[in-house]
Amino acid sequence: MPRPELQAPPEIFYNDSEARKYTTSSRIIEIQARISERALELLNLPNDGVPKLLLDIGCGSGLSGETLSENGHHWIGYDISQSMLDIAVEREVEGDVLLGDMGQGLGLRPGVVDGAISISAVQWLCYADKSSHEPRMRLKAFFGSLYRCLARGARAVLQLYAENMNQSEMIMTYAMRAGFSGGVVVDWPHSSKARKEYLVLTCGPASLQTALPKGKGEDGEMCSDEDDSDDDENQTVGVYERNRPRKKLKVNKKGKSKGKQWVLKKKEQMRRKGNDVPPDSKYTARKRKAYF
Amino acid sequence: MRLLTHNMLSCNIKGVTNGFPLKLEADKWVTKEVDLNADFLRGIFPKIEWSALLAAARVLGFAELPEQADASMLSSDDFLRRFHHALLELHVEEGALVCPETGRKFPINKGIPNMLLHEDEV
């Protein structure tokens, strides 16, 4: 099964039946909850017990938003799929949800949001679903509007499933161009199934506050293998060294390599036998260039 | 959609210079009780555009907000209760948000505003 992004645009892929499947799968619920908790942790909000106003971009049926509500925050969710949002309303999520396309810009006043999370959504921007969609323009509109609506020093944590390095880099480039500083935190980098990438962006210049925490699993911790997430589609690309073994010099029993003398001797033998042998010259048995 | 969200939204159409505030039209709205959190209210107050909140609350039949508001009022429980009610307890179920510059309507159905722009508006 190819990844969802290659099957259909998100508002079509997440139709009523897919939306319901997504929201009733206990596996997906658990995974999304865990990712949301981690994203909230990475937001590094002040621990003062004061509820914040957050964004949930690609909120879907509200699975991630619930984590925000459970932690006492108010949130505004964006999603492009009416079906997913209908389920969010059905489930009576506490945040307000909007039907919108993040690639068109978020349409929020400057500096009003204390933080933003996005779970498994931003990579959809990289696929051009309509002829008028130019992924780069959409990424620009998204990151530009996100930067503007965040308060100074606020963070955006975007967990996403990039298809390949090109996509990761493209997303990062547009984030930086919008003015964000930050980087990528990778949890469980060595597990193809559990591996999760979080783009942690801070509104404002790099400083001590923007220092990124270490990803999980970097200290050799083992992740639990029960997490058989849908990462089959998200294999990281292996890079193999072009390390073909060098052609070794032929070595005879005495340990000497077969040098010029040996070649000349052999040629003389062949001539005596009567074979057609090219004449000897200064090029005979000269040292050739090493093989690549 | 609560008035907290309405207070943050601005019209995104290409070429629009002042898309805030969106005019609120409400055909159906409900009140849902929410616990009052004074810390949150005090924290969000500086970000609120008071006149927009005032106008939107009036559309929903709530006229108990003062014309002007400043931070000193936040120590009054009475003010906090009214502020809280207008901001978080009034939910618009059906209606529309209207761009002040172009008049374009963004419909609200089942409490979900449809902010999708058409191809030519991006």
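Heads up: the structure comes first, above all this text.
Now for a description of the structure that goes with this document. (Residues numbered from 1 in each chain as written. Chains lettered and ligands numbered in written order. Predicted model: local features only at pLDDT ≥ 70, side-chain atom pairs only at ≥ 80, totals over all residues. Heavy atoms only, no water.)

1. Some remarks on the overall build of chain A
Moving on, step 1. Helix and strand counts for chain A come out as eight helices and seven strands.
Moving on, step 2. In chain A, which comprises 292 residues, the share counted as buried stands at 49%.
Moving on, step 3. In chain A, once contacts between residues fewer than 6 apart in sequence are set aside, the share between residues at least 24 apart is 68%.
Moving on, step 4. Accessible surface computed for chain A: about 16,600 Å², of which carbon and sulfur atoms make up 51%. (Helix = DSSP H or I, 4+ residues; strand = E, 2+ residues; numbered from the N terminus. Buried < 20%, exposed > 50% of the residue type's maximum accessible area, 1.4 Å probe, protein only. Contact = heavy atoms within 4.5 Å. Areas by Shrake-Rupley, 256 points an atom, 1.4 Å probe, with all protein chains shown as cover.)

2. A word on the overall build of chain B
Moving on, step 1. Across its full length, chain B carries four helices and four strands.
Moving on, step 2. Helices (α) and strands (β) of chain B occur, in sequence order from the N terminus, as α-β-α-α-α-β-β-β.
Moving on, step 3. For the C-alpha atoms alone, the extent of chain B along its principal axes is close to 50 × 30 × 20 Å.
Moving on, step 4. Looking at the 122 residues of chain B, the share that counts as buried comes to 50%.
Moving on, step 5. Nonlocal contacts in chain B, meaning residues at least 24 apart in sequence, comprise 68% of its contacts between residues at least 6 apart.
Moving on, step 6. Accessible surface, chain B: about 5,800 Å² in total, of which carbon and sulfur atoms supply 48%.
Moving on, step 7. Here chain B holds 13 positive side-chain charges and 18 negative ones, and the gap between their average locations is 2 Å. (Lys, Arg positive; Asp, Glu negative; His and termini not counted. Charge placed at Lys NZ, Arg CZ, Asp CG, Glu CD.)

3. Considering the pattern of salt bridges
Residue and element names in this part refer to chain A.
Moving on, step 1. This model, assessed by the stated rule, comprises 21 salt bridges over all chains.
Moving on, step 2. For the salt bridge of Glu18 with Lys21, the shortest nitrogen-to-oxygen distance reads 3.3 Å. Of this pair, Glu18 and Lys21 both sit in helix H2 (residues 16-24), three residues apart, which is roughly one turn of the helix.
Moving on, step 3. The buried category is assigned to Glu18, whose relative accessible area is 18%.
Moving on, step 4. Using a relative accessible area of 52% as the deciding quantity, one classes Lys21 as exposed.
Moving on, step 5. In this structure, Glu30 and Arg34 form a salt bridge, with 2.7 Å as the shortest nitrogen-oxygen distance. (Salt bridge = Lys/Arg side-chain N within 4 Å of Asp/Glu carboxyl O.)

4. Looking at H2(A)
All names here are of chain A.
Moving on, step 1. Among all positions of H2, only Glu18, Ala19, Tyr22 and Thr23 are buried. Down the axis of H2, the sector holding all buried residues measures 125°, keeping them to one side. Among the exposed residues of H2, those pointing more than 90 degrees away from its buried face are Asp16, Ser17, Lys21 and Thr24.
Moving on, step 2. Buried residues in H2 make contact with helix H1 (10-13), helix H3 (26-43), helix H4 (63-70) and helix H5 (82-90). (Arc of directions from axis to C-beta.)

5. Observations concerning the interface of chain A and chain B
Moving on, step 1. Contact residues are listed per partner, giving 33 residues for chain A and 28 residues for chain B.
Moving on, step 2. Between chain A and chain B, a total of about 2,500 Å² is buried, with carbon and sulfur atoms accounting for 57% of that surface.
Moving on, step 3. Here chain A is connected to chain B by three salt bridges.
Moving on, step 4. A salt bridge links Lys47(B) to Asp114(A); the shortest N-O distance between them is 2.5 Å.
Moving on, step 5. Looking at the side of chain A that touches chain B, the elements with two or more residues in it are strand E2 (74-79), H5 and strand E3 (96-99) of chain A.
Moving on, step 6. The residue makeup of the side of chain A that touches chain B, split by class, is 16 nonpolar, nine polar and eight charged. (Buried area = accessible area lost by both parts, 1.4 Å probe. Nonpolar A, V, L, I, M, F, W, Y, C, P; charged D, E, K, R; others polar.)

6. With respect to the packing of helix H6 (residues 135-149) of chain A against helix H7 (residues 165-177) of chain A
Residue and element names in this part refer to chain A.
Moving on, step 1. At a closest axis distance of 9 Å, the pairing of H6 and H7 adopts a crossing angle of 45°. Judged on the interaxial angle alone, H7 and H6 are oblique. Taken as a pair, H6 and H7 cross one another with a handedness that is right-handed. In this structure, H6 contributes Pro135, Arg136, Leu139, Lys140 and Phe143 to the contact, and H7 contributes Met170, Ile171, Tyr174 and Ala175. (Axes fitted to C-alpha atoms, helices over the stretch in contact; angles between N-to-C directions. Parallel < 35°, antiparallel > 145°, perpendicular 65-115°, else oblique. Left-handed = near helix turned anticlockwise from the far one by under 90°.)

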